[in-house]
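Fold and contact review
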Amino acid sequence: MGTTQLETAPEPKYWHLKTVLSEALDSEFSVGEILPNERELAARFGVARATLRQALEQLELEGRLQRRRGVGTTVAPPRVGVAVDPARHTWPGAPGDDWQPVDAAETQSVPAAVARLLELSPGEQVYVVHRSRVTHGQPVAAEQLYVPARSVPDAAPHTAVDAPARARTVLRALQQLELEGQDRAVELGSARADDAKELDRLPGAPVLVVTTRYFAGGRTAAVALSTYRADTCRLTFGDNESDSTPDTGVAVLAS
């Protein structure tokens, strides 16, 4: 394909460029192949580098491209279906849970949105359980599970020998409660530095954030913030999907 000029396109240049680039990805590049640098691409399509970056960011958001540390921008493989609620009526850590415990710590400092959901009092102690999820050998999600100490008064993660054991201590205590229900919300977000490092993404990369509230004793007993890679994951809800289901379209979001 030769140089393409976009001066007469009736839609925003970056959006039209995204379409042109998408067609080029299908016809000229293979999965995992590294794209030419921004200067070469901008010259080829006759656009400013700022316009090119907008188009590349949109393609990354749609899961067509991946930015990799020390490598550059590569063509992404098809998204893989990741079941969000395979064990919908159980606590985190119950049998069938695909998340792996990483660590747990006690703190009085939690995000303001989480504090509101948990109806925390100033200075109230909270256990933060960190968990990770891997699919086909690749990290696809990281999670922070916030559990007020009042919900699990018998939990003492600091007494455990190693980090995963600290996490399991809180999870076991949580499973002693009667789960009355849960709800979920999904939104698009940007990867924080810690999550980006764990998920092998660049800070600010698009992610899907699933917020789950767990109810017990007539109130919110725990809140989980699960951060999924938006470039590789297609979130599925219900029992008719599995981690082995590939997909080439956009993520399917449901509540």
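Residues numbered from 1 in each chain as written. Predicted model: local features only at pLDDT ≥ 70, side-chain atom pairs only at ≥ 80, totals over all residues. Heavy atoms only, no water.

What follows concerns helix α2 (residues 38-45). The complete set of buried residues in α2 reads Leu41, Ala42, Arg44 and Phe45. Along α2, the residues classed as buried sweep out an arc of 160° about the axis, all on the same side. Facing away from the buried side of α2 by more than 90 degrees, the exposed set consists of Arg39 and Ala43. Two or three places before arginine 39, at the opening of α2, asparagine 37 has a side-chain oxygen 3.2 Å from that residue's backbone nitrogen. Downstream of α2 by one or two residues, glycine 46 has phi in the positive range, about 65°. (Buried < 20%, exposed > 50% of the residue type's maximum accessible area, 1.4 Å probe, protein only. Helix = DSSP H or I, 4+ residues; strand = E, 2+ residues; numbered from the N terminus. Arc of directions from axis to C-beta. Polar contact = N/O pair within 3.5 Å; in protein donor to acceptor, adjacent residues only side chain to side chain.)

Here four bridges tie strand β1 (residues 65-68) to strand β2 (residues 72-75), and the two strands are oriented antiparallel to one another. Bridge pairing links arginine 68 to glycine 72 in β2. (Pairing = 2+ DSSP bridges.)

Next up on the list: the environment of glutamate 106. The topology assignment puts glutamate 106 in strand β4 (residues 100-107). Overall, the relative accessible area of 39% leaves glutamate 106 in the partly exposed class. Apart from the residues lying within four places of it in its own chain, the contact partners of glutamate 106 are Gln125, Val126 and Tyr127. Separated by 2.9 Å, the side chains of glutamate 106 and glutamine 125 make a polar contact. (Contact = heavy atoms within 4.5 Å.)

The interhelical angle for the contact between helix α1 (residues 13-28) and helix α3 (residues 49-61), taken along N-to-C directions, is 60°, at an axis separation of 8 Å. Put simply, α1 runs oblique to α3. Handedness of the α1/α3 crossing: right-handed. Between α1 and α3, the residues in contact are Lys13, Tyr14, Trp15, Leu17, Lys18, Leu21, Ser22 and Leu25 and Thr51, Leu52, Gln54, Ala55, Leu56, Gln58 and Leu59, respectively. Across the contact of α1 with α3, the residue classes tally to nine nonpolar, four polar and two charged. (Axes fitted to C-alpha atoms, helices over the stretch in contact; angles between N-to-C directions. Parallel < 35°, antiparallel > 145°, perpendicular 65-115°, else oblique. Left-handed = near helix turned anticlockwise from the far one by under 90°. Nonpolar A, V, L, I, M, F, W, Y, C, P; charged D, E, K, R; others polar.)

Averaged over every residue, the pLDDT of the protein chain is 83; the share at 70 or more is 85%. Mean pLDDT in the protein chain bottoms out at strand β11 (residues 246-247), which sits at 36, and peaks at helix α4 (residues 112-118), which reaches 95. Across residues 240-255 the pLDDT falls below 50, and counting only partners more than four positions away or on other chains, this stretch makes 43 contacts in the model. (pLDDT = per-residue confidence, 0-100.)

The residue glutamine 182 is located in strand β7 (residues 181-190) in this model. By relative accessible area, which is 13% here, glutamine 182 ends up buried. A polar side-chain atom of glutamine 182 sits 3.0 Å from a polar atom in the side chain of arginine 184.

Here we come to the pairing of strand β5 (residues 126-135). Most of β5 sits inside the fold, with nine of its 10 residues counted as buried. Sheet topology note: the β4/β5 ladder contains seven bridges and is antiparallel. Pairing of alanine 104 across the sheet is with valine 129, part of β5. With 10 bridges joining them, β5 and strand β6 (residues 138-148) adopt antiparallel strand pairing. Paired with valine 126 across the strands is proline 148, a residue of β6.

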